Amino acid sequence: MTSPSLPSGNTARLAMFNISMSEPESCAIFHQLMKDENTRFSKLAAIIQQAAPDILMLCEFDHPGEGGDDGALARFCEYYLANSQHGQPPIDYPYRYCPPSNTGLVVEHDLDGDGVVSLPGDAQGFGSHHGQFGFVLLSRYPIDTAGIRSWQQFLWQDMPDNLLPEGYFSPQARQVLRLSSKNHVLVPIRLQGKTLHVIGCHPTPPVFDGEEKRNARRNHDELRMVRGIIDDADWLYDDTGCRGGLKSGSDFVVMGDLNADRVDGDGMKSAISQLLLDSRINRAVASGRKTPKSLGGRFVRPWQTRTGRASEWTHIAGLRLDYVLPSASLNVVGSGVFWPDRKDPLRMLITDERGRERAQAGSDHRLVWVDIAVN
């Protein structure tokens, strides 16, 4: 389904979109947004306007690594989203959250073994500057900012039965290396008299490593942390020192580019399988009949693509990496992926001037959405 009907007053649309608004230079996205209209940004905004999510997570949106908005997100919301793009109706998000990120946060130890401490390889999370590849949350409904929890500082070695590669990191590095490559956050949103807890994260891609498989192992354990939050696990401690995660009986939705597919790709399959098969995740969208689908995608195997870039596999190779997973306590009434087929006039939003699906035309990912009943 590529052209979803707008949500009614009895439903809420939850969406995530890896928007690929990230550059190696600090503040580059901010400066691009300050210039005259950017064709790529306009297409990205039109996709969001067409889907019209009530709650939206954007991955790979550069912002200050310590959290907060340097003006880029506000500019994108007010100049692009709040003004019609390509004939789509404007959309307003009065509530926004930019969490701190581990990307580009340099550590004092040589993590990648090249003999020097430098970015991007010697950061808590891969990044050329603090905040590169960060994620943000936009909402039409009030965010309970006082209730937000984050696990940015949780150490990888503190996870029971962790998969830290033996002998790869120095003892000193192991003492400071955090698990989350960006952040893991729990964000309460007041949704028509109820509280919906958004569990947001963007685990590292399980590639770009060596025989030690440090990124594949980290992706696996970052997904285990998601289950730890759902489990209210006693081994968890958040950035304020509070133990545990989500309280039992809470409505929640897991959102993010999880960089993991149950069937294909280079990642370890067990963690994403356990998450999708968890009884607290809504089975209809985890692997059932309402799993988000699209009519417009070309599905081929990774080894048939011209490049092996993991970022392209989401849509060129048909991997499922982007997820919106409501809890089993919520009623899912619809779902889909914004991926217009060749006959759809909206296809120009994901293609270049020659009709080719290319990252330069917008993003190498597609917006995924799920509708839930709210009363």
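Remember, predicted model here, so these are calculated numbers, not experimental data. (Residues numbered from 1 in each chain as written. Predicted model: local features only at pLDDT ≥ 70, side-chain atom pairs only at ≥ 80, totals over all residues. Heavy atoms only, no water.)

### A look at the sheet that holds strand E5 (residues 149-150)
Whenever strands of a sheet pair, they do so through backbone hydrogen bonds, lying parallel or antiparallel. For the record, the criterion: Here a strand pair is declared whenever DSSP counts at least two bridges between the two strands. Secondary structure elements are taken from DSSP: a helix is a run of H or I of four residues or more, a strand is a run of E of two residues or more, and numbering for both begins at the N terminus.
Reading across from one edge, E5-E6-E7-E8-E9 is the order of the 5 strands in this open sheet, with mixed pairing throughout. The open sheet has two edge strands with one neighbour each: E5 and strand E9 (322-326). Both strand E8 (residues 251-257) and E9 contribute to a ladder of 5 bridges, which runs antiparallel. By the bridge assignment, Gly256 is partnered in E9 with Tyr323.

### Considerations on the packing of helix H2 (residues 39-51) against helix H3 (residues 72-81)
Put simply, the test is: Only C-alpha atoms enter the line fits that serve as axes; for helices the fit covers just the stretch in contact. Angles between N-to-C directions range over 0 to 180 degrees. Reported orientations rely on four angle classes, namely roughly parallel under 35 degrees, roughly antiparallel over 145, roughly perpendicular from 65 to 115, and oblique for the rest. Note on definitions: a residue-residue contact is assigned when non-hydrogen atoms from the two residues lie within 4.5 Å. Think of it as three bins: nonpolar holds Ala, Val, Leu, Ile, Met, Phe, Trp, Tyr, Cys and Pro, charged holds Asp, Glu, Lys and Arg, and polar takes everything else, Gly as well.
At a minimum axis separation of 10 Å, H2 and H3 run at an interaxial angle of 80°. Judged by the inter-axis angle, H2 sits roughly perpendicular to H3. Along its contact with H2, which presents Phe41, Ser42, Ala45, Ile48 and Gln49, the element H3 presents Phe76, Tyr80 and Leu81. Along the lines of polarity and charge, the residues of the contact of H2 with H3 split into 6 nonpolar, 2 polar and no charged.

### Let's talk about H3
Defined as follows: Under the scheme applied here, a residue whose accessible area is under 20% of the maximum for its type counts as buried, over 50% as exposed, and between as partly exposed, the area being computed with a 1.4 Å probe on protein chains only.
Counting buried positions along H3 yields 7 of 10 residues, so the element is predominantly enclosed. Taken together, the buried positions of H3 are occupied by Ala72, Leu73, Ala74, Phe76, Cys77, Tyr80 and Leu81. Lining the buried residues of H3 we find strand E1 (11-21), helix H1 (28-34), H2, strand E2 (55-61), strand E3 (95-97) and strand E4 (135-139).

### Some thoughts on the pairing of E9
Most of E9 is tucked away: 5 of the 5 residues are buried. In E9, alternate side chains face the same way, and those of Asp322, Val324 and Pro326 on one face and Tyr323 and Leu325 on the other are all buried.

The values reported here are purely geometric and, on their own, carry no functional implication.
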